[in-house]
Amino acid sequence: MNLLVCISKTPDTTSKISFKNNDTEFNSDGVSFILNPYDEWYALVRALELVETEGGKVTVLNMGNVSNDIVIRKALALGADEAVRIDGEPTDAYSVAANIASYVQSNPMDAIFLGKETIDFNGAEVGAMLAEMLALPYISFVTKLEKNGTNVLITREIEGGTETCEVEGPFVLSAAKGLAEQRIPNMKGIMMAKSKPLHVIPVVNGQSRVRTVRFTLPAAKTGVKLISPENMDELVRLLHEEVKVI
Amino acid sequence: MSVLVYIESPAGKIKKSGFEVATYAAKTAKKLGVECIALLIGKTEDGGVLGEYGINRIFQAAPDVLLPFDAQSWANVIAEAAVKYHAQVTILTHSSNGKALTGRVAVRLQAGCVSGVNSLPDITNGFEVTKSVFSGKATATYAIESEKKVISVMGNTLQPEIVGHHLAIETLSIPMPTPSIRVISTQTAAGIVPLPEAELVVSAGRGMKGPENWGIIEELASALGATTACSRPVADAGWRPHHEHVGQTGVAIRPNLYIAAGISGAIQHLAGVNNSKVIVVINKDAEAPFFKAADYGIVGDLFEVVPKLTAAVKKYKHG
Ligand SMILES: Cc1cc2nc3c(=O)[nH]c(=O)nc-3n(C[C@H](O)[C@H](O)[C@H](O)COP(=O)(O)OP(=O)(O)OC[C@H]3O[C@@H](n4cnc5c(N)ncnc54)[C@H](O)[C@@H]3O)c2cc1C
Ligand SMILES: Nc1ncnc2c1ncn2[C@@H]1O[C@H](COP(=O)(O)O)[C@@H](O)[C@H]1O
């Protein structure tokens, strides 16, 4: 199987979020970056497992600048065979999808794995766009994937439950929790990653249709109102009368 | 010109989230001074009720069959309807199916797209929408600059409002392409409001000590009519099902009320719940970080506090 895993770089989950340039840009000063957890923990690991049992190759792909090479190497250390970086700023989901689609058109894949969403911009958009551009089925939020002869059985999250479907032929999926177990790169993997190919290719489509006007931080909570554990009637009264949520 | 809204009808029923997005679309159309058209796909009980939420015309594709979901063919129908009725804005729900559709529809229409919008568009300067980013740690305002626009709306953005009356449904004859995937089965827990749609949520963490103690959480939830949730270590340990896991790497929710018992309030947990309107924290450690994000706090042993809260809720409900 020839599998493509799309990986993105996101601020570490503990990052303090701030903005610059009149609040139009994320301020990355002092922020450490990681591979987007959904891409690393679930999409990449399940792709690796499939190739381990079925044979084939896992390529990881990222669109971004040279500073992303560190997280791309981590994906190689985890076991991906080779990497591709599309050398350009990802300005919106559409331009990312268009560039990935163009790569896949000249490098056909049996399946394309993405993460459920990036934890910074929380779009959950790239996968559906990419699938449409490639005219492939897209299964979102996949929690289980098993081979069934030549077909693939896939379980995905829906509101309050799951749905299982069968797909034939190439498809795009986005990975959610449960699809695989997180792996930690070992020393051998880290050493091998250094000599694995990382191809840098130019951007073919940079058009974006959405512009960021500004970012705002939420107003700080005014402070917690403490209520005695002996006075739950008072809490219920406040929830009903003061904030009217029950 | 029009605003087109696709209303989901899972298993043939329109849910509250459907009426929310109908209200959202009707208000958007009103702002833009255009007609608001609703689209239903597959057999749906009482689709005409959408008229009450301010929809002007209702179309239904494949009205006689309960269709299994297929993003590829459904996106095709939605996009065709958008072209046919000259929709300048196409609106979907930011649900599981909506997430698989929104990007596809945008590509088909060559439209700019923002998913997970959480307020009405501001049209004073173009078309600006807001959404929560950085896992709830900030809000972004985006301008969609293309002529056609596609957005999906977060649950609980607006409450449904009745402003009009029941309408007759018109049939939309668009051929349904053959689905590219075959749905084999669906499993949903009956009778429970799914977390992303829940208005009231009772959540618990490692402070519960073990899965056998969850009875008190379920009792509080059932007294309130709330949905239960949990922190990540609790789901990882198998104490609770994965779909209850909220936070940065779980479900992100924005209920009206979030009650957290025995959860410390780690930044990754807060990321999924800090858009809740009101947060109540029960923790025996007065220094727990969650109190900083809370509106109401109870410092105490959850094994004593939770049953007392349940009793107080029952007393309030039954007068
Ligand atoms: C990349 C990454 C992603 C993550 N994503 C998530 C996520 O999506 N969601 C998530 O929840 N976590 C996530 N985490 C984990 C997170 O950092 C915390 O470890 C986790 O939220 C802690 O869970 P907890 O509050 O249940 O447990 P603990 O931190 O152990 O807290 C238990 C709390 O219970 C209190 N307590 C104990 N006994 C009682 C009692 N009898 N009465 C009252 N209070 C009591 C304690 O004082 C304590 O505050 C993530 C971590 C990482 C690194
Ligand atoms: N710059 C990027 N390069 C490669 N893949 C990306 C990039 N941005 C997003 N993706 C993929 O698309 C998924 C969904 O991202 P998003 O739609 O931005 O939430 C991510 O989990 C990645 O798999």
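Residues numbered from 1 in each chain as written. Chains lettered and ligands numbered in written order. Predicted model: local features only at pLDDT ≥ 70, side-chain atom pairs only at ≥ 80, totals over all residues. Heavy atoms only, no water.

Undergrad: Sorry if this is basic, but what is going on with the site of ligand 2 here?
TA: Residue and element names in this part refer to chain A. Lining the immediate environment of ligand 2, one finds 18 residues, of which C6, D39, M63, A124 and E125 sit closest. Here C6 contributes a backbone N or O atom positioned 2.6 Å from an oxygen atom of ligand 2. A distance of 3.2 Å separates an oxygen atom of ligand 2 from a polar backbone atom of G123. A total of 480 Å² of accessible area belongs to ligand 2 in isolation, and the protein chains cover 93% of it. (Near = heavy atom within 4 Å. Polar contact = N/O pair within 3.5 Å; in protein donor to acceptor, adjacent residues only side chain to side chain. Areas by Shrake-Rupley, 256 points an atom, 1.4 Å probe, with all protein chains shown as cover.)

Undergrad: It is not clear to me how the pattern of salt bridges should be interpreted in this structure. Could you clarify?
TA: Side-chain pairs of opposite charge can arise whenever the charged atoms involved come near each other. Residue and element names in this part refer to chain A. Enumeration according to the criterion identifies 29 salt bridges over all chains in this entry. Note that E52 is salt-bridged to R183, the shortest N-O span being 3.0 Å. Of this pair, E52 sits in helix α1 (residues 37–54) while R183 sits in the loop between β12 (171–175) and α5 (187–193); the two residues are 131 residues apart in sequence, bridging distant segments of the chain. In this structure E52 comes out as exposed when scored by relative accessible area, which is 52%. Among the residues examined, R183 registers a relative accessible area of 27% and is labelled partly exposed. (Salt bridge = Lys/Arg side-chain N within 4 Å of Asp/Glu carboxyl O. Helix = DSSP H or I, 4+ residues; strand = E, 2+ residues; numbered from the N terminus. Buried < 20%, exposed > 50% of the residue type's maximum accessible area, 1.4 Å probe, protein only.)

Undergrad: Even after reading the chapter, I still don't get the sheet that holds strand β11 (residues 200–204) of chain B, so can you show me in this structure?
TA: Each strand in a sheet pairs with its neighbour through backbone hydrogen bonds, running either in the same direction (parallel) or in the opposite one (antiparallel). Here 6 strands make up an open sheet; going across it, the order is β15(A)-β15(B)-β14(B)-β13(B)-β11(B)-β12(B) and the pairing parallel. Edge positions in the open sheet fall to β15 (225–226) of chain A together with β12 (227–230) of chain B, since each of these has one partner strand only. The pairing of β11(B) with strand β13 (residues 257–261) of chain B spans 5 bridges and is classified as parallel. Bridge pairing links L200(B) to L257(B) in β13(B). (Pairing = 2+ DSSP bridges.)

Undergrad: Before we go on, may I ask you to explain the site of ligand 1 in this structure?
TA: Around ligand 1 sit 28 residues, and of these S231(B), T249(B), S264(B), Q268(B) and H269(B) come closest. This site is not confined to one chain, since residues near ligand 1 come from chains A and B. Contacts to ligand 1 include Q248(B), whose backbone N or O atom sits 2.9 Å from an oxygen atom. In the model, a nitrogen atom of ligand 1 is placed 3.1 Å from a nitrogen or oxygen of the K284(B) main chain. For ligand 1, whose free accessible area comes to 990 Å², the fraction covered by protein is 81%. Broken down by secondary-structure element, the contributors of at least two residues to the shell around ligand 1 are α5 (232–236), α6 (267–273) and α7 (302–317) of chain B. Partitioned by chemical class, the residues of the shell around ligand 1 number 7 nonpolar, 15 polar and 6 charged. (Nonpolar A, V, L, I, M, F, W, Y, C, P; charged D, E, K, R; others polar.)

Undergrad: How do you make sense of a nonpolar patch on the surface when you look at a structure like this?
TA: Judged by side-chain polarity, M187(A), I190(A) and M191(A) come together as a nonpolar surface patch covering roughly 300 Å² of accessible area. Within the fold, M187(A) resides in helix α5. (Patch = residues over 30% accessible without salt bridge, like charges linked within 9 Å, V, L, I, M, F, W, Y side chains within 5 Å.)

Undergrad: Looking at this structure, I do not really get the interface of chain A and chain B. What am I missing?
TA: Often, the extent of an interface is quoted as the loss of accessible area on bringing the components together. Between chain A and chain B, the contact holds 74 residues from the first and 84 residues from the second. Where chain A abuts chain B, roughly 6,900 Å² becomes buried across the two surfaces, and 56% of that area is made up of carbon and sulfur atoms. The interface formed by chain A and chain B contains 8 salt bridges. Residues E128(B) and R214(A) are paired through a salt bridge, measuring 3.9 Å at the closest nitrogen-oxygen approach. With 8 residues, the top contributor of residues to the side of chain A that touches chain B is helix α6 (residues 232–242) of chain A. Per-class residue counts for the side of chain A that touches chain B are 42 nonpolar, 14 polar and 18 charged. Where strand β11 (residues 161–167) of chain A lies against strand β10 (residues 181–188) of chain B, 7 bridges are found, and the strand directions are antiparallel. (Contact = heavy atoms within 4.5 Å. Buried area = accessible area lost by both parts, 1.4 Å probe.)

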